[in-house]
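Summary of structural features
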Amino acid sequence: MQSRTPRVTQQPAPHRADIEAGLTAELAPVVAGARRRALRDGDRQIDTAHLLHSVIESDPAVRAVFAGDPQVARVLGYLVQRSIGYGLRWQGAVEDSGALPLVGEADVAGWSPGAVSAMRHALAGAAARGDQRADGRDLLAALAADQGCRAVEVLVRAGVDTEVLAGRLREEFRQV
């Protein structure tokens, strides 16, 4: 007798190595820094705020995209507060910006679905420019584009207009 339940074929879940294989030498330490932040903060997964914090601190090209040092300082100020107050409501919760489903293809051990989505979009952005590897600006562009992620929440609270930021990034990519 055949089952009346339709068979659902699932794609194999991506692995962390699949995501990290397409990173530039400059972006690989960003991921390592985000992983350290997640562990230090007691989070189970790297989320988009961890990625944002790490990429801003480690990549001068990313900092240059912002509207000057005061804006960078405000963003970093919010990110630093994450472990001492701001962002405590995130602890123990999985970030879900809605960009990817919570299970299945977004299931990458140690990564929130929003962070997986950001990394995938960063890689796609690099590929669209003809680059094989993503850099910090690709990651920032991907983070700024996901209006439901924690990174955008931090950016907006710090007074960053994410549409203007995305426009600056598009302009920079045209000049490359």
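This section reports on the structure supplied with the text.

Attention now moves to the packing of helix H3 (residues 48-58) against helix H5 (residues 69-81). Two numbers describe how H3 lies on H5: the axes approach to 10 Å, and their chain directions differ by 135°. When the interaxial angle is binned, H3 and H5 end up oblique. For the element pair H3 and H5, the recorded crossing hand is left-handed. Where H3 abuts H5, its residues Ala 49, Leu 52, His 53, Ile 56 and Glu 57 lie against Val 72, Val 75, Leu 76, Leu 79 and Val 80.

Our next topic: the pattern of salt bridges. One pass over the structure, following the stated rule, counts 9 salt bridges. We note a salt bridge from Asp 138 to Arg 129, for which the minimum N-O separation is 2.3 Å. Taking relative accessible area as the criterion, Asp 138 reaches 4% and is therefore assigned buried. Note on Arg 129: relative accessible area 26%, which makes it partly exposed. Note that Asp 135 is salt-bridged to Arg 137, the shortest N-O span being 3.3 Å. Comparing Asp 135 with Arg 137, the two get one shared label, buried.

Once that is clear, we can look at the nonpolar core. Counting 44 residues, the largest nonpolar core has Leu 52, Ile 56, Phe 66, Val 75, Trp 111 and Leu 139 as the members making the most contacts within it. Elements that contribute at least two residues to this core include exactly helix H2 (28-40), H3, helix H4 (60-65), H5, helix H6 (113-129), helix H7 (136-145), helix H8 (150-157) and helix H9 (162-175). Here this core gets 6 residues from one element, more than from any other, and that element is H6. The contacts of Val 75, once residues within four sequence positions are left out, are Leu 52, Ile 56, Phe 66, Val 154, Leu 155, Ala 158 and Val 160.

Thresholds applied
Residues numbered from 1 in each chain as written. Predicted model: local features only at pLDDT ≥ 70, side-chain atom pairs only at ≥ 80, totals over all residues. Heavy atoms only, no water. Axes fitted to C-alpha atoms, helices over the stretch in contact; angles between N-to-C directions. Helix = DSSP H or I, 4+ residues; strand = E, 2+ residues; numbered from the N terminus. Parallel < 35°, antiparallel > 145°, perpendicular 65-115°, else oblique. Left-handed = near helix turned anticlockwise from the far one by under 90°. Contact = heavy atoms within 4.5 Å. Salt bridge = Lys/Arg side-chain N within 4 Å of Asp/Glu carboxyl O. Buried < 20%, exposed > 50% of the residue type's maximum accessible area, 1.4 Å probe, protein only. Core = buried A, V, L, I, M, F, W, Y, C linked by side-chain atoms within 4.5 Å.

By themselves, these observations are geometric and do not establish any function.
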